[in-house]
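Notes for the structure review
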Amino acid sequence: MGAEVIKIERPKMGDETRQWTPPTFADGTSAYFATVNRNKKSVTVDMASEQGQSILRRLAQDADIVVENFKVGGLAKYGLDYDSLKAINPGLIYASLTGFGQTGPDAHKPGYDYIIQGLSGLMSITGPEAGLPHKVGVAVVDLFAGLQLTIGIQAALLVRAQTGLGQHVDVALLDSALALTANVGMNCLASDQVPPRLGNAHPNIVPYQVFETAGSQHLILACGNDQQFAAVSQLMGAEWHLDERFATNPARVVHREQLIARMQPLMLSQNRNEWIALFESARIPCGPINNIAEALSMPQTKAREMVVDFAFSGSPVKVLGNPIRLSGSPIQYRLAPPMLGADTQSVLLSLGYDPSALAQWHRQGVI
């Protein structure tokens, strides 16, 4: 979105995700690292050294935003905590993403997406009804919390435009995961009942789930109202919509098992594409379950430029695109995910440091 983002990494080793391989691109860039490091500059600084801390404070002095995800209090010993940096830059927005937040009895604990998916109840509602609880296929809590942190940063920028002052943005993985339970969490608050694990079914809407079709293919039928359900019934040659057990959505939720037991055998009479064509002709929400390769190769994916190839910059890396479309200030893909320390010299020189000092710090392992 136009920001200059400087990623601070450890000298020699760098971000741990650089080593999370395979797979890699042709230049050795970890696919995992490339996921979230486009448009960033890489600067290596040893924050355990006094000179390294001085460099980072110099960077923070002119920065709009500092983002960190150390354990609570972990940066205070380096003089890089919020209070220390606010003293030299009152307009600084300091964004912290931790497992449990800056307060509370668990604030000192480290946080990991997988653990938080379990703690938050998210795994208890994910997976087959009779099987083990499942985690979501990607680190959804990490991703959702990152979005929440971004929203908090943007809100703080708006406040600073009015007051001139920055603030501390505190986002926790656990808080974000609890918010992510959404309507299911609200069902628990409203009923005092523990929500069950329903596999691919929906707790409040029926039929709204996966069905198997001929040839062991699968589709999703998302029937959101009674009018759509009546159309489904007629297309499938049935009169379920006239049965008081199934005529309304609340009734269908109560009699879920009886209805699905009638629908599933009929679904096996045609293949996935035949059913999708039939349902789409009646404007009933439905769709196939693609694998990742199929999803990335869809014409719609290409039309929306959701795969970005950095070949234009001489890099073999491809990345998933940004889903935000801005009419006046379009998203730009300027830099491929950086090699370790690629921008250390240029960034520090731009701060006014002498080249001889940089050479000395490099020999000392500071940068």
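What comes next is a walk through the structure. Everything numeric here is computed off the predicted structure, so don't read it as measured data. (Residues numbered from 1 in each chain as written. Predicted model: local features only at pLDDT ≥ 70, side-chain atom pairs only at ≥ 80, totals over all residues. Heavy atoms only, no water.)

Scanning the protein chain for helices and strands turns up 15 helices and 10 strands. Here the C-alpha coordinates of the protein chain stretch approximately 85 × 50 × 40 Å along the principal axes. Long-range contacts, defined as pairs at least 24 residues apart, comprise 62% of the intrachain contacts of the protein chain with a sequence gap of at least 6. Total accessible area on the protein chain is roughly 20800 Å²; 57% of this is exposed by carbon and sulfur atoms. When the 28 positive and 32 negative side-chain charges of the protein chain are each reduced to one mean point, those points stand 4 Å apart. (Helix = DSSP H or I, 4+ residues; strand = E, 2+ residues; numbered from the N terminus. Contact = heavy atoms within 4.5 Å. Areas by Shrake-Rupley, 256 points an atom, 1.4 Å probe, with all protein chains shown as cover. Lys, Arg positive; Asp, Glu negative; His and termini not counted. Charge placed at Lys NZ, Arg CZ, Asp CG, Glu CD.)

Turning our eyes to something else, we now look at the sheet that holds strand S7 (residues 217–222). The strand order across the open sheet built from 3 strands is S6-S7-S8, with neighbouring strands paired in antiparallel fashion. Two strands lie at the open edges of the sheet, namely strand S6 (208–213) and strand S8 (286–288), each paired on one side alone. Taken over all neighbouring pairs, the strand axes of this sheet differ in orientation by 25° on average, direction set aside. (Pairing = 2+ DSSP bridges. Axes fitted to C-alpha atoms, helices over the stretch in contact; angles between N-to-C directions.)

The subject of this paragraph is the packing of aromatic side chains. Taken as a whole, this structure holds 5 aromatic pairs when the rule is applied. Between Tyr-82 and Tyr-94, the aromatic rings sit 5.7 Å apart at their centres with planes inclined by 55°, giving tilted as the arrangement. Separated by 12 residues along the polypeptide, Tyr-82 in helix H3 (residues 82–88) and Tyr-94 in strand S4 (residues 93–98) bring together distant segments of the chain. For Tyr-94, a relative accessible area of 2% translates into the label buried. (Phe/Tyr/Trp six-rings, centres within 6.5 Å; stacked < 30°, edge-to-face > 60°. Buried < 20%, exposed > 50% of the residue type's maximum accessible area, 1.4 Å probe, protein only.)

Our focus in this paragraph is helix H5 (residues 140–163). Taking 1.5 Å as the rise per residue, H5 with 24 residues should run 34 Å; its terminal C-alpha atoms sit 34 Å apart, in good agreement. Among the residues making up H5, those that are buried are Val-140, Val-141, Ala-145, Leu-149, Ile-153, Ala-156 and Arg-160. Taken together, the buried residues of H5 touch strand S3 (65–68), S4, helix H4 (113–119), strand S5 (168–172) and helix H6 (173–180). Looking one or two residues past H5, Gly-164 carries a phi angle of roughly 80°, positive in sign. (Expected span 1.5 Å × (residues − 1).)

All right, on to the nonpolar core then. Most often, soluble globular proteins have nonpolar side chains that are buried together. In terms of nonpolar packing, the biggest core is built from 24 residues, with Ile-55, Trp-361 and Ile-367 touching the most fellow members. Filtering out sequence-adjacent residues up to four positions away, Ile-367 remains in contact with Pro-11, Thr-44, Val-45, Ile-55, Thr-344, Gln-345, Leu-348, Leu-358, Trp-361 and His-362. (Core = buried A, V, L, I, M, F, W, Y, C linked by side-chain atoms within 4.5 Å.)

Attention now goes to the pattern of salt bridges. Enumeration according to the criterion identifies 8 salt bridges in this entry. Of the charged contacts in the structure, one is a salt bridge between Arg-18 and Glu-9, with a shortest N-O distance of 2.8 Å. Classification of Glu-9 as buried rests on a relative accessible area of 3%. Residues Asp-226 and Arg-252 are paired through a salt bridge, measuring 2.9 Å at the closest nitrogen-oxygen approach. With Asp-226 in helix H8 (residues 226–235) and Arg-252 in helix H9 (residues 249–254), this pair connects stretches of sequence that are 26 residues apart. (Salt bridge = Lys/Arg side-chain N within 4 Å of Asp/Glu carboxyl O.)

Another point: the sheet that holds S4. In space, the 3 strands of this open sheet follow the order S3-S4-S5, with parallel pairing throughout. Every other strand in the sheet has two partners, leaving S3 and S5 as the edge strands with one partner each. For this sheet, the mean angle separating the axes of adjacent strands, direction not counted, is 15°. Lying over the sheet, H5 contacts S3, S4 and S5, oriented at roughly 160° with respect to S4.

So, about helix H10 (residues 256–267). Taking 1.5 Å per residue as the helical rise, H10 with its 12 residues ought to reach 16 Å, and the 16 Å between its terminal C-alpha atoms agrees with that figure. Turning to H10, its buried residues number three or more, namely Arg-256, Leu-259, Ile-260, Met-263 and Met-267. For H10, the angular spread of buried residues about the axis comes to 90°, placing them on one side. Exposed and oriented more than 90 degrees from the buried face of H10 are Glu-257 and Ala-261. Buried residues belonging to H10 abut S6, S7, H8, H9 and helix H11 (272–281). (Arc of directions from axis to C-beta.)

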